[in-house]
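Okay, here's what each chain looks like letter by letter:
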Amino acid sequence: PEMTQHQYTALLSHIEKKYIKTEAPPLDRVYQRLFYLWLTTIDATGVRPWKDDKNAIKMRDIDIKMTKDGKDVEHIIIRRKEKGKEYAAVADKQWLNIYEDILAIREAWGIKSEYLFAHPVTIAKRSRHKDKPILSFRGQWRRAVEELGYAKKGDSQQKRISPYSIRHRYAARRYLVNKDITLEDLSQIMGSSPRVLYEVYWHYRAEDNYQDLVAHGYQIKQGRVRLMDDYGIRITNADKDSDEHREWLKKHP
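Now for a description of the structure that goes with this document.

Calculation criteria
Residues numbered from 1 in each chain as written. Predicted model: local features only at pLDDT ≥ 70, side-chain atom pairs only at ≥ 80, totals over all residues. Heavy atoms only, no water. Helix = DSSP H or I, 4+ residues; strand = E, 2+ residues; numbered from the N terminus. Buried < 20%, exposed > 50% of the residue type's maximum accessible area, 1.4 Å probe, protein only. Contact = heavy atoms within 4.5 Å. Areas by Shrake-Rupley, 256 points an atom, 1.4 Å probe, with all protein chains shown as cover. Salt bridge = Lys/Arg side-chain N within 4 Å of Asp/Glu carboxyl O. Patch = residues over 30% accessible without salt bridge, like charges linked within 9 Å, V, L, I, M, F, W, Y side chains within 5 Å. 1 Å grid on protein atoms, 1.4 Å probe; cavity = no way out; pocket = protein on both sides within 12 Å on 5 of 7 lines; lining within 4 Å. Points joined across faces, edges and corners; volume = space filled by probe spheres on them. Nonpolar A, V, L, I, M, F, W, Y, C, P; charged D, E, K, R; others polar. Axes fitted to C-alpha atoms, helices over the stretch in contact; angles between N-to-C directions. Parallel < 35°, antiparallel > 145°, perpendicular 65-115°, else oblique. Left-handed = near helix turned anticlockwise from the far one by under 90°. Core = buried A, V, L, I, M, F, W, Y, C linked by side-chain atoms within 4.5 Å. Phe/Tyr/Trp six-rings, centres within 6.5 Å; stacked < 30°, edge-to-face > 60°. Lys NZ or Arg CZ within 6 Å of the ring centre and 35° of its normal.

1. Things to note about the overall build of the chain
For step 1, the next point in the chain: Of regular secondary structure, the chain possesses nine helices and five strands.
For step 2, the next point in the chain: Mapped in sequence order, the helices and strands of the chain form the string α-α-β-β-β-α-α-α-α-α-α-β-β-α.
For step 3, the next point in the chain: Out of the 253 residues in the chain, the part that is buried amounts to 40%.
For step 4, the next point in the chain: Long-range contacts, defined here as pairs at least 24 residues apart, represent 53% of the contacts in the chain between residues at least 6 apart.
For step 5, the next point in the chain: When the accessible surface of the chain is split by element, carbon and sulfur atoms take 50% of a total near 15900 Å².

Below is the structure:
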């Protein structure tokens, strides 16, 4: 299922309340902050949530180019290889701030990993090793959605909000806001086939562009009514409140 704007902002606010508590253990806080930045990265780039080191974002895969005056982002491209397909994920400009916040954590904790999201310390009993990639935030996600009531016991997988639901937000935003983008374009920057995107996201464009899609087709005739018999079968049309309409109404109230 898709994640609504309300659900997304509520989730981020829920996590933020945890990492801004200065009295909490620093390690707990930094993992909550990294979780927050992971979620916002998926939302701003549309990449699939990864579960292994092969798909985890690497530093060398990030291409950020600024304008000559250094005041604006010219492009942010993240090279990806998922499900055997290579593509270039296009990040929102605001992801630059997210990236800089990740760099601040890396510097503060002395992280030298080739992976963007990496463990800040080694905790052997939890199989965490400094500089190794964080493969998922499964524990943080599970606790957060349970606390927010997004994961109810007994719900089928199709009804459960998941990190993948945030990727849906990216696709919907790109497809709705940018009127010139096609499903083929979207497939290139999300690493999906046009067919899959068509099946999942076409309803957004159909709803948003309804008036354009039905232009020059059959239109509702203002002031006309359909005259039906007692069996609900249309017999003819007439002008609303005309003598014909009134007579028909008497026979078929």
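Anyway, onward from the coordinates.
2. What to know about the pattern of salt bridges
For step 1, the next point in the chain: By the definition in use, this model includes nine salt bridges.
For step 2, the next point in the chain: Among the salt bridges present, the one from glutamate 147 reaches lysine 18, with a minimum N-O distance of 3.1 Å. Placement of the pair is glutamate 147 in helix H4 (residues 138–148) and lysine 18 in helix H1 (residues 5–19), with a sequence separation of 129 residues.
For step 3, the next point in the chain: Here glutamate 147 falls in the partly exposed class, since its relative accessible area comes to 47%.
For step 4, the next point in the chain: Relative accessible area serves as the criterion here: at 26%, lysine 18 is assigned to the partly exposed category.
For step 5, the next point in the chain: Between arginine 33 and aspartate 101 there is a salt bridge, and its shortest N-O distance comes to 2.8 Å. Taken together, the positions of arginine 33 in helix H2 (residues 26–45) and aspartate 101 in helix H3 (residues 95–108) put the pair 68 residues apart, joining distant regions of the chain.
For step 6, the next point in the chain: Linked through salt bridges whose partners overlap, the residues forming this network are Lys58, Arg60 and Glu114.

3. Section: a nonpolar patch on the surface
For step 1, the next point in the chain: On the surface, Tyr231, Ile233 and Ile235 cluster together to form a nonpolar patch covering roughly 370 Å² of accessible area.
For step 2, the next point in the chain: Inspection of the secondary structure puts tyrosine 231 in the loop between strand E4 (224–228) and strand E5 (234–239).
For step 3, the next point in the chain: In this structure tyrosine 231 comes out as exposed when scored by relative accessible area, which is 73%.

4. Side note on the layout of surface pockets
For step 1, the next point in the chain: The computed volume of the largest pocket comes to approximately 550 Å³.
For step 2, the next point in the chain: Every residue lining the largest pocket is counted, 20 residues in all, and those nearest its centre are Lys51, Arg138, Trp141, Ser162 and Pro163.
For step 3, the next point in the chain: The greatest single-element share of the lining of the largest pocket, amounting to five residues, is contributed by H4.
For step 4, the next point in the chain: Classifying every residue of the lining of the largest pocket by side-chain character gives 11 nonpolar, three polar and six charged.
For step 5, the next point in the chain: Space inside the second largest pocket adds up to approximately 210 Å³.
For step 6, the next point in the chain: With three residues, the single largest contributor to the lining of the second largest pocket is H4.
For step 7, the next point in the chain: Of the residues belonging to the lining of the second largest pocket, the class tally is five nonpolar, four polar and two charged.

5. Side note on the packing of H1 against H2
For step 1, the next point in the chain: As a packed pair, H1 and H2 sit with axes 8 Å apart at the nearest point and diverge in direction by 160 degrees. Relative to H2, the element H1 lies roughly antiparallel. Our pair here, H1 against H2, has a crossing hand that is left-handed. Touching Tyr8, Leu11, Leu12, Ile15, Glu16, Lys18 and Tyr19 of H1 are Arg29, Gln32, Arg33, Phe35, Tyr36, Leu39, Thr40 and Asp43, all from H2.
For step 2, the next point in the chain: In terms of residue class, the contact of H1 with H2 is built from eight nonpolar, two polar and five charged.

6. With respect to the nonpolar core
For step 1, the next point in the chain: Residues Phe35, Trp38, Leu39, Trp95, Leu116, Phe117 and Trp141 are the most contacted members of the largest nonpolar core, which totals 46 residues.
For step 2, the next point in the chain: Breaking this core down by element, the ones donating at least two residues are H1, H2, strand E2 (73–82), strand E3 (85–90), H3 and H4.
For step 3, the next point in the chain: At 10 residues, the largest contribution of residues to this core is made by H2.
For step 4, the next point in the chain: If near-sequence neighbours (up to four positions away) are discounted, tryptophan 141 is found in contact with Met3, Leu11, Phe35, Leu39, Ile161, Ser162, Pro163 and Ile166.
For step 5, the next point in the chain: Ranked by size, the runner-up nonpolar core spans five residues in total, among them Tyr170, Ala171, Ile181 and Leu186.

7. Description of the packing of aromatic side chains
For step 1, the next point in the chain: Evaluated as defined, the whole model comprises eight aromatic pairs.
For step 2, the next point in the chain: Among the aromatic side chains, those forming a connected cluster through ring pairs are Phe35, Trp38, Trp50, Phe117 and Phe137.
For step 3, the next point in the chain: Across from the ring centre of tyrosine 31, 4.4 Å away, lies the NZ or CZ of arginine 128, which sits over that ring.

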